[in-house]
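Geometric and topological summary
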Amino acid sequence: MAVITFREALGQAIAEEMTRDANVFLMGEEVGLYNGAYKVSKGLLDQFGPKRVWDAPISEAGFAGLGVGAAMVGLRPIIEFMTWNFGIQAFDQIVNHAAKMLYMSGGQFNIPMVFRGPNGAAHMLGAQHSQAYESMITNIPGLIVATCSTPYDGKGLLKSAIRNNNPVLFLESEMMYGMKGEVPEEEYLIPLGKGDIKREGKDVTLIAWNKALHKAMEAAEALNEQGISAEVLDPRTLQPLDEDLIFESVRKTHRLVIIEESWSFGSVGAQISDRVHKECFDDLDAPVHRVCNEFVPMPYNEAQEERTMPSVDRIVKAVKDVLYIA
Amino acid sequence: MAVITFREALGQAIAEEMTRDANVFLMGEEVGLYNGAYKVSKGLLDQFGPKRVWDAPISEAGFAGLGVGAAMVGLRPIIEFMTWNFGIQAFDQIVNHAAKMLYMSGGQFNIPMVFRGPNGAAHMLGAQHSQAYESMITNIPGLIVATCSTPYDGKGLLKSAIRNNNPVLFLESEMMYGMKGEVPEEEYLIPLGKGDIKREGKDVTLIAWNKALHKAMEAAEALNEQGISAEVLDPRTLQPLDEDLIFESVRKTHRLVIIEESWSFGSVGAQISDRVHKECFDDLDAPVHRVCNEFVPMPYNEAQEERTMPSVDRIVKAVKDVLYIA
Amino acid sequence: MTPPKKSAVDRDVLIGMYKQMCLFRRFEERVGLAYTKQKFSGFCHLHIGQEGLAVGVQTALRTTDYMISGYRSHTQAIGKGIAPGAVMAELFGKVDGCCRGKGGSMHMFSKEHRFLGGHGIVGGQAPLAVGVAFAIRYRNEDNVMICYMGDAATNQGQVFEVMNMAATWDLPVLFIIENNRYGMGTDITRTTSVDALWKRALAFDMAHSDVDGMSAITVYNHVNSLVESMRKNKKPHLLEALTYRYRGHSVSDPGSYRTKEEVEDYQKNRDPIIGLGRFLLEQKFATEEELKGFDNEAKEKAKEAEAFADESPQPPVEELWDHVLVD
Amino acid sequence: MTPPKKSAVDRDVLIGMYKQMCLFRRFEERVGLAYTKQKFSGFCHLHIGQEGLAVGVQTALRTTDYMISGYRSHTQAIGKGIAPGAVMAELFGKVDGCCRGKGGSMHMFSKEHRFLGGHGIVGGQAPLAVGVAFAIRYRNEDNVMICYMGDAATNQGQVFEVMNMAATWDLPVLFIIENNRYGMGTDITRTTSVDALWKRALAFDMAHSDVDGMSAITVYNHVNSLVESMRKNKKPHLLEALTYRYRGHSVSDPGSYRTKEEVEDYQKNRDPIIGLGRFLLEQKFATEEELKGFDNEAKEKAKEAEAFADESPQPPVEELWDHVLVD
Ligand SMILES: Cc1ncc(C[n+]2csc(CCOP(=O)(O)OP(=O)(O)O)c2C)c(N)n1
Ligand SMILES: Cc1ncc(C[n+]2csc(CCOP(=O)(O)OP(=O)(O)O)c2C)c(N)n1
Ligand SMILES: [Mg+2]
Ligand SMILES: [Mg+2]
């Protein structure tokens, strides 16, 4: 099996789907001539030409809405936000148009498109370039929200997202673009709406996604050395959540810690916690614990940024709390 | 005590604070010559003149950002969104600028301003005019989010919001503007961050805010006739939440039902549920139950809209579920 | 009195436009009445007075062209092909409404007739229109995209953003500003620094023009030539149509921000139906009785539309769960 | 060789501008080096090549005027009064940084010097600037608000929205487009339909002009007269400054989208420091040695700034909890 970077895996997914379906096109800032701000779309302009790979002006509301309009009449746009921090400018087109078109039109106009780009903090980019947006966008019916923690998941999920006939918001990660992983040569798709047990365990369930998944895996290793068996569950799709997989795991371990590199208030983690407490109330030996970003805008200072984000230590501590051990 | 409408109470709050502080000004669509789309600002243009009451073009990002800039240099803007459905166009200025300016500048530039307008569904306005936004905006540090269910609360909280030296997002309700209530003639303020027990009870706690509060009160009456004593708690401020008041009530009743006229996923209700389960795990006799909008864009059809929103019946049923009675 | 110049536009086209304007007028009047009779609720924005623009534009189009508009679009939807009954049923929230009662007054859609919506976010339809124009170029069609917006919508940031893209990439979208002088209760001159809205095109080196939106013939001739050249050169165009609405912003707007005289001047001296009727008489294309007959036909159609909507059943409540996502 | 025309601008002002440009150049060079020495990380966008505009504008201002910019604003911040050491310390995330290490390269602020930020959302600073200009009018001050933005920022919707408001309400904001021909790796002509960015003002009947941003003197004279008239008539102005950046978009950009020849042409034939230096020599306002001396002074100041930043301690980690809300 080939070992490629995350950005190559995502780039392959786009290239394969553009080859398969002439209606698929890519638009975003720097995606063409510059080969992508993070080189995800490297080579696509040469391969598919300027009619299918478009360098957009810095007008997120405009080109996001352009994508929605094109999707209404049969094209299948991939709209890249250089980062999701700039995607917020397109929330009117995403929330008020893409998410509602099928419903308002009584089923006439579905919107088969993908909005994608890096989400969450990278390293020392300051408050305006370090936000995670899943908590806001998963609240909205009519949108599918998916993310990925490995090159393998990234390629398989992005292919499914592009083929999906609804608006899919796809959250990548700047810091993981260079990560390497095994990716099969032959075509494969990973279904949306299905989570993945990344590590079996029996004493506690850790739920984490995107970059935070790897901190959870690291914590699971550290816990393993202390005789604590942690199961690590990656939901992959955040809306709709794979509740069956989550409940099944929690009913096995009876303890849950949710890790997310975003603010805690009304987050995806808060939703998972509410649902687990409701459906697994009698299976829980302790309340759900959560490890999130501190409730502050992202500081630039390196040490402050590090302390703001979840760390392996904070995860290990949360597990001990949920196990009521020192 | 005078009995006035909700809109008059809010209008009085603005007029009093504009009289008290020459730096306070009001800007929004139709707030001046038209006396306000919902007549909240009726008479303010005549009273304070065109230098302090500004009719804005339909440019929400623009005039929201104008407010943030004016607040950076000592003015105290009140920015009205005709409804919060249009406020989403200003999310970049609210989330990326107003919420972060103090932090990014290392404490130099606080943003004393209020963004206000009606939030949530009214009656048969369709998908694009019926959204509740508190779930999205309460996720963001650096913003205070407050709402109100009575004319009395509205006036007192809005005065506090205008005097607060941080950005306060104030959520009103179209359907309640005409509601009448007792409002003292003498000046009074209601502190932000403090909830309010609207009805004492001992068997179950109902938490609801804005328009949904009145459905909770109606349900409490219906339950009372069935011998069930429901406590109704109005958090008033959604960010930061009055967790002490909430925990105190739940520790007394041991059962909690949260009612919100917004989508459930990662909502304020999900956050309250997560916190209550965490801090009152041993006090709960049943998991927290929630009554929310169905997870669909708002239908226009009257019966469908009614079924989509929380109803007194659904609240009563949830209470019976949490009490494990048929 | 010099004899009137012979009409460049042939009789059938003119008669067709006259009938269509009568239908639009009578339909919207009946909608207003139905609202007061509480047959439906929520927002309702009537297009009465702006029929000359709607009919002039529609008559210049092919059925394969696309159209999108804001919330004041009941009759633009009918013009594009949605049956009056289906529009009225949608207003009444009925299952035979063009969106099965889930869209309402501001959200009329028809995939079949390429009417891509009524939309409730001012200016929000402009990026959608440019996306459709993008698809037209992508598939080398020679259709055009008609994008209506109000005068006040021209101050929306996303409208500027997509005008730049349409002009930069040559996308065949005709932006039509329905300048009825007001955005709700605000005279457009109070919130806009330019004295003519077509000037917005100067920021994009975009082709532009203005037209008397109260004259169906003028609009028809003007738009006819515009769209023909756009089908070839694919370039966008910004058209400012000077028009006027007789009713309030919405059915619940008292309209205190303008004088009765101003409204009456338009109704008496610039009404699009009276104007075309007079021209038809001058050209001997129709008689007074025939004009009367066309109007009665229109009233009848409006009446039938209401009857259809009355009889249409409510949609099943559980249909609220449909059309959130497709499989 | 006809004798050079006598300078309209007096010697001290010119010498001051020359020194300031040397400081800005040497400071940013040292910042670039410090980045490669990994003294700090994250984004870093250098202003090298655009000093003529920064100094020409700053020299025409009063200290009471306000300034706001984007993320390429280290030296605009210094020009407005923030000590070079405080800017460098902020880059290093130190406690003596102008924002206590919490802002970073893109977010330099000074309330005292009325520098209202570096901002990282392209175009996001424009509405803030118009709000400050609104406050200037509100309080009848005769200050002006300088709002820098990049060429690519002119395609942001919120920029158009506030230009309309500034022009409609006469708000004293000078929008300065730093047209360095590129937005990251995209030549502005590839995403913009107009061939000159000042044309954006035509959409708002706003006063506009352009200027050679590579000549400090030209900029100074031009802006000097602009701001004087703006202090009286309160009207906004759109100034397109044609300038150029010698380094990549950010420190991590290879810059493959433009030729070496293009960059070198500016560096050799249009460099603002060389240009002003030559003029000073022609005017006998300075000798080669003195020019050399000024440059050495600049290097020294840049060195001191780095030393200051090196010595400045890290902020306490728990300060991450401060400055979220004020009491
Ligand atoms: C983004 C947004 N802001 C505000 C509103 C509220 N609103 C609805 S219609 C309207 C006036 C629009 O006037 P214009 O564009 O001239 O259209 P007209 O009603 O005259 O046809 C306003 C402010 C909205 N629907 N969308
Ligand atoms: C709203 C938004 N979209 C995208 C970005 C990413 N980005 C940062 S700088 C830049 C290019 C801006 O170019 P220009 O405005 O010309 O400024 P310059 O860098 O040339 O000074 C882009 C696309 C951003 N910061 N904000
Ligand atoms: Mg109008
Ligand atoms: Mg540039």
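This text goes with the structure placed above it.
Computed from a predicted structure; not experimentally measured.

Brief notes about the overall build of chain C
Of the regular secondary structure elements, chain C holds 10 helices and 7 strands. Against the 2.2 N^0.38 benchmark of 20 Å for 327 residues, chain C shows a C-alpha radius of gyration of 19 Å, consistent with a compact globule. Considering only C-alpha atoms, chain C reaches an extent of 60 × 50 × 40 Å along its principal axes. Evaluated residue by residue, chain C yields a buried proportion of 64% over its 327 residues. For chain C, long-range pairs separated by at least 24 residues make up 75% of all intrachain contacts whose partners lie at least 6 apart in sequence. For chain C, the exposed area adds up to about 11,600 Å²; of that, 53% sits on carbon and sulfur atoms. If you average the places of the 39 positive and of the 43 negative side-chain charges in chain C, the two averages end up 2 Å apart.

Description of the packing of helix 9 (residues 212–225) of chain A against helix 13 (residues 312–322) of chain A
Residues and elements named next belong to chain A. Packing of helix 9 against helix 13 brings their axes to within 9 Å, and their N-to-C directions diverge by 55°. Between helix 9 and helix 13, the crossing angle belongs to the class labelled oblique. Viewed along their axes, helix 9 and helix 13 form a crossing whose handedness is right-handed. Each of Lys 215, Ala 216, Glu 218, Ala 219, Ala 222 and Leu 223 in helix 9 lies in contact with helix 13, whose residues at this interface are Val 312, Ile 315, Val 316 and Val 319. Looking at the contact of helix 9 with helix 13 residue by residue, the class counts come to 8 nonpolar, no polar and 2 charged.

So, the site of ligand 2
Around ligand 2, a shell composed of 22 residues is seen, among which Glu 60 of chain A together with Tyr 71, Arg 72, Gly 120 and Asn 180 of chain D lie nearest. At the site occupied by ligand 2, nearby residues are drawn from chains A and D. Calculation on ligand 2 without its partners gives an accessible area of 590 Å², and the protein chains cover 96% of this total. Residue composition of the shell around ligand 2, grouped by class: 10 nonpolar, 8 polar and 4 charged.

Focus: the site of ligand 1
Inspection of the region around ligand 1 gives 22 residues, with Glu 60 of chain B together with Tyr 71, Arg 72, Gly 120 and Asn 180 of chain C positioned closest. The site occupied by ligand 1 is bordered by residues of chains B and C. In the environment of ligand 1, an oxygen atom lies 3.0 Å from a nitrogen or oxygen atom belonging to the side chain of Asp 151 of chain C. Between an oxygen atom of ligand 1 and a side-chain N or O atom of Asn 180 of chain C, the distance comes to 2.9 Å. The protein chains hide 95% of the 590 Å² of surface that ligand 1 would expose on its own. Grouping the amino acids of the shell around ligand 1 by side-chain chemistry returns 10 nonpolar, 8 polar and 4 charged.

Some thoughts on unusual backbone geometry
Across the junction of Gln 239 of chain A and Pro 240 of chain A, the peptide omega takes the value 5°, indicating a cis bond. As for its position among the elements, Pro 240 of chain A is in the loop between strand 12 (237–239) and helix 10 (243–253). A positive phi angle, close to 55°, is found at Arg 114 of chain C, a residue other than glycine. Along the chain, the position of Arg 114 of chain C falls in the loop between helix 4 (84–91) and helix 5 (125–138).

Reading the values: the criteria
- Residues take numbers from 1 onward in each chain, read along the sequence in its written order.
- As they are written, the chains are lettered A onward and the ligands numbered 1 onward, keeping that order.
- Per-residue local features are limited, in this predicted model, to residues with pLDDT of at least 70; the limit for side-chain atom pairs, both in listing and counting, is 80 or more; totals at the level of whole chains, interfaces and linings are taken over all residues.
- Think of the side-chain values as coming from all heavy atoms in the structure, minus any hydrogens and water.
- Helix numbers and strand numbers start at the N terminus; a helix is a DSSP run of H or I with at least 4 residues, a strand a run of E with at least 2.
- We compute the radius of gyration from the C-alpha atoms alone; for a globule the expected value is 2.2 Å times N to the 0.38, where N is the number of residues.
- Buried, partly exposed and exposed residues are distinguished by accessible area as a fraction of the type maximum, computed with a 1.4 Å probe on protein chains only: under 20%, between the cut-offs, and over 50%, respectively.
- Any two residues whose heavy atoms approach within 4.5 Å are treated as being in contact.
- We get accessible surface area from the Shrake-Rupley algorithm with a probe of 1.4 Å; when it comes to residues, only the shown protein chains can shield them.
- Charge assignment: positive for Lys and Arg, negative for Asp and Glu; neither His nor the chain ends contribute.
- To locate a charge, take atom NZ for lysine, CZ for arginine, CG for aspartate or CD for glutamate.
- Helix axes are fitted to C-alpha atoms over the stretch in contact, other axes to C-alpha atoms as well, and angles between N-to-C directions run from 0 to 180 degrees.
- An angle below 35 degrees is treated as roughly parallel, one above 145 as roughly antiparallel, one from 65 to 115 as roughly perpendicular, and anything else as oblique.
- Two helices cross in a left-handed way if the nearer one is turned anticlockwise from the farther one by less than a right angle. They cross in a right-handed way if the turn is clockwise.
- Just so you know the grouping, Ala, Val, Leu, Ile, Met, Phe, Trp, Tyr, Cys and Pro go in nonpolar, Asp, Glu, Lys and Arg go in charged, and all remaining residues, Gly too, go in polar.
- In these notes, residues near a molecule or strand are those with any non-hydrogen atom within 4 Å of it.
- The term polar contact refers here to a pair of N or O atoms within 3.5 Å; inside protein, the definition further demands a hydrogen-donor-capable atom paired with an acceptor-capable atom, and it admits residues adjacent in sequence only when both atoms are side-chain atoms.

Remember that the coordinates give geometry; whether it matters functionally is a separate question.
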